[in-house]
Amino acid sequence: MTQASQWAPYEVAFTSQIIYQNPLHEVEIFFAEFISPTGQRKKVCGFWDGDVNWCIRFMPDELGSWCYQTSCSDSTNAGLHQQTGTFLCVPNTSSLPIYRNGAITHQPGDYHLKHTDGLPFLWVGCTAWNGLLKSTDQEWDTYLMHRANHHYTVIQCVATQWRGGDMNNHLQVAFTGQKSIQINPVFFQHLDRKINKINEYGLVVALVLLWALPYGEGRELSPGFQLPQAEAILLAKYLVARYGAHHVVWLPGGDGLYTSIYEKRWKNIGRAVFSEKPPGLVALHPMGRSWVGDTYAEEDWVDIIGYQSGHSSSQPSVEYITKGPATRQWSQLPPRPIINMEPCYEEIFQRVTADDVRDAAYWSLLGTPIAGVTYGANGIWPWIRKGETILNHGELSRQSVSTWEESINLPGSQQISHLAEFIQQFEWWKLRPSTSLLLNQPGDQNHAHFVSVVCSEDYCTILLYVPHPDIPLKVHNPHQLAYEARWYDPLRGKYLDKTTLSPTDIIHIAPPTTEALALVLQPFGQN
């Protein structure tokens, strides 16, 4: 009996007895039903991999003996229909959490993600849209090792050609045609090893199935915009079948307009692709400042509400994070993780600084129940090398850009690493936005001075992010606890002073420096 490791892809190959001219259209159904050692049944779709080669990939979650049987809409094809097999699932020897603690899940009632065994999972993303397309194997290794070593947990990528990447580094595209698309398996075979690598470093891949921005240069390259709905569904289903055995989060339409004139289209696509709950979670990644939380509140195929706040440190962008719909509506909607998946990119338009990136990250993370945040750099997402420019992005395409290799070491990139390390010292999944505790909000006078506050239900942990500590703060102390106050330097990733505060109704706090700070309040003697 063959063996498979728990929480890792197990692949079964099949040889078709029929050569199809367009398998995506001619074979409507090809799947296997897997039966676990405890009798649980899981339906997993397969995919065409070129010529007469077909595959089904499956991530087993139970130890012991499994069996499976295939079904194919072409019942005359004995190579695909009614094939059976067994395998033994054995413990995974990796120490990485995605293999030790299990796949990432979202449980009803939770505002955060967790592993199958219940260990909370903090989304710390990095935007590498073109990483799968353009990177060499050596570059990809360098990048992923750096991200894994710096507390990142999610890599956001695009799985096909799109407006920002018209082909891969082998000059191949994912599909051709429009009204009856043809899949190019060789393109995806190159993607396979890069997606494997993401998981091998313990990272989760957030995969854009259909880039979808409905305006701008190059939009005709993006499948989420240019393909008819039926073809978009077929392409998305193919990708879900091919990569569903990996540790993955699906982003159906990158930069999509999920509301207004395209709402019906995206709900139709989402329901068609995800209604039977294939492996992996689903997150919406809408276009800038397009809130989808209320519009998709009753769509049970949506696990994560993503948003992007805009590539600017202007007042509208900042207030979209600090006072926008995510902060106002999270408690009124069905509980789901809410994640800013595209705050301002470091160095974008040659004016977004590390301070802007750090501020946006802290505000985003603490503005809703903590679930995660994503970092972006203007040289990483397009995977820029020396002498290269960005494709189809107007002003950005005319500017010089730091390389991807330089960008992974930018100050903002490092400060996101500090943020991840800092937040995970606490039971962050129990913290909730509590700006009402702050009795004098500097952000009311200057949007850039907004102070974020989260606290636990028992007030035993209160965290504040103070981007411009230029005035003393007054914090309500409802239980009159005696707190120990610890100041954290988010630029350098280290603690500064600490002091004991008296158990008064109102705590008066004087920051020790004028640089950005985070403040930790916990009862005296708890640490």
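Everything below is about the structure printed above this text.
Attention here is on the structure that accompanies the text.

The rules we used
Counting starts from 1 at the beginning of each chain's written sequence and moves along it residue by residue. Selection of residues for local features in this predicted model requires a pLDDT of at least 70, selection of side-chain atom pairs for listing and counting requires 80 or more, and totals for whole chains, interfaces and linings are taken over all residues. Side-chain measures were taken over the full set of non-hydrogen atoms in the model, leaving aside hydrogen atoms and water. Helix and strand definitions here come from DSSP, where helices need a minimum of 4 consecutive H or I residues and strands a minimum of 2 consecutive E residues; each element is numbered from the N-terminal end. Each radius of gyration reported is based on C-alpha atoms, and the globular scaling rule is 2.2 Å times the count of residues to the power 0.38. For the exposure calls, accessible area comes from a 1.4 Å probe over protein chains only, and a residue counts as buried if that area is under 20% of its type's maximum, exposed if over 50%, partly exposed in between. Accessible surface area values rest on a Shrake-Rupley calculation with a 1.4 Å probe, where residue burial reflects the displayed protein chains alone. Residues scored as positive are Lys and Arg, those scored as negative are Asp and Glu, and His as well as the terminal groups of each chain are ignored. Lysine's charge is taken at NZ, arginine's at CZ, aspartate's at CG and glutamate's at CD. Polar contacts, as used here, are pairs of N or O atoms within 3.5 Å; protein pairs need one atom able to donate a hydrogen and one able to accept it. Residues neighboring in sequence count only if both atoms are side-chain atoms. The contact definition used throughout considers only heavy atoms, calling two residues in contact when any of these lie within 4.5 Å. Here, any two strands with at least 2 DSSP bridges between them count as paired. Here, nonpolar core means buried Ala, Val, Leu, Ile, Met, Phe, Trp, Tyr and Cys residues that are tied together by side-chain atoms lying within 4.5 Å of each other. In what follows, salt bridge is the name for a side-chain nitrogen of Lys or Arg lying within 4 Å of a carboxyl oxygen of Asp or Glu. The axes are straight lines fitted to the C-alpha atoms, using for helices just the contacting stretch, and the angles between their N-to-C directions are given from 0 to 180°.

## Observations regarding the overall build of the chain
Summing up its helical and strand segments, the chain has 13 helices and 29 strands in all. The C-alpha atoms of the chain give 24 Å as radius of gyration, which agrees with the globular expectation for 527 residues (24 Å, within 12%). Once the C-alpha set of the chain is aligned to its principal axes, its extents read approximately 80 × 55 × 40 Å. Per-residue burial for the chain yields a buried fraction of 60% across its 527 residues. Summing over all exposed atoms, the chain offers an accessible surface of approximately 20200 Å²; the carbon and sulfur share of this is 49%. Averaged over its 37 positive side-chain charges, the chain has a centre that lies 2 Å from the centre of its 50 negative ones.

## A short note on the side chain of N77
Tracing the chain through its elements places N77 in the loop between β7 (64–72) and β8 (84–90). On the basis of relative accessible area, N77 is assigned to the buried category, the value being 0%. In terms of polar contacts, N77 uses its side chain to reach the side chain of S16, at 2.8 Å. In this structure N77 touches S16, Q17, I18 and Y20, once residues within four positions along its chain are discounted.

## Observations concerning the pairing of strand β13 (residues 154–158)
Most of β13 sits inside the fold, with five of its five residues counted as buried. The alternating pattern of β13 places V154, Q156 and V158 and I155 and C157 on opposite faces, both of which are buried. Alignment of strand β12 (residues 123–127) against β13, held across three bridges, turns out to be parallel. Bridge pairing in β13 places G125 opposite V154. In terms of strand pairing, β13 meets strand β16 (residues 204–208) through five bridges, oriented parallel. For C157, the partnering residue across the bridge sits in β16 and is L207.

## Considering the nonpolar core
Grouped together as the largest cluster of nonpolar side chains are 157 residues, with contacts concentrated most on Y143, I155, L207 and I423. Per-element accounting of this core gives the leading share, nine residues, to helix α7 (residues 229–243). For Y143, the contacting residues outside a window of four places in its chain are C126, A128, I155, I380, W383, W404 and I408. Counting residues in hydrophobic clusters, the runner-up holds 19 residues, among them L437, V466, V475 and I509.

## Comments concerning the pattern of salt bridges
Applying the stated criterion across every chain yields a total of 23 salt bridges. In this structure, the salt-bridge partner of E299 is R271, at a minimum N-O distance of 2.6 Å. Linking E299 in the loop between β18 (281–284) and β19 (304–307) with R271 in helix α8 (residues 263–274), this pair joins segments that are 28 residues apart in sequence. Notably, a salt bridge pairs R492 with E515, separated by 3.0 Å at the nearest N-O pair.

## Considerations on the pairing of strand β23 (residues 452–455)
Of the two faces of β23, the one holding S452 and V454 and the one holding V453 and C455 are both buried throughout. Two strands pair when backbone bridges link them, and β23 and strand β24 (residues 462–466) are joined in this way by four bridges, in the antiparallel orientation. Note that in β24 the partner of V454 across the bridge is L463. Between the antiparallel neighbours β23 and β24 lie six residues, among them Y459 with a positive phi of about 65 degrees.

## Overview of the environment of Q424
Topologically, Q424 is positioned in the loop between α13 (411–423) and β22 (432–433). Classification of Q424 by relative accessible area gives partly exposed; the value is 41%.

## Description of the sheet that holds strand β1 (residues 2–5)
Overall, mixed pairing links the five strands, which are arranged β1-β8-β7-β3-β4 in an open sheet. Every other strand in the sheet has two partners, leaving β1 and β4 (41–45) as the edge strands with one partner each. Here the strands of the sheet are splayed against their neighbours by 35 degrees on average, with no regard to which way each runs. Of the pairings in the sheet, the one linking β1 to β8 comprises four bridges and is parallel in character. Bridge pairing in β8 places A4 opposite C89.

By themselves, these observations are geometric and do not establish any function.
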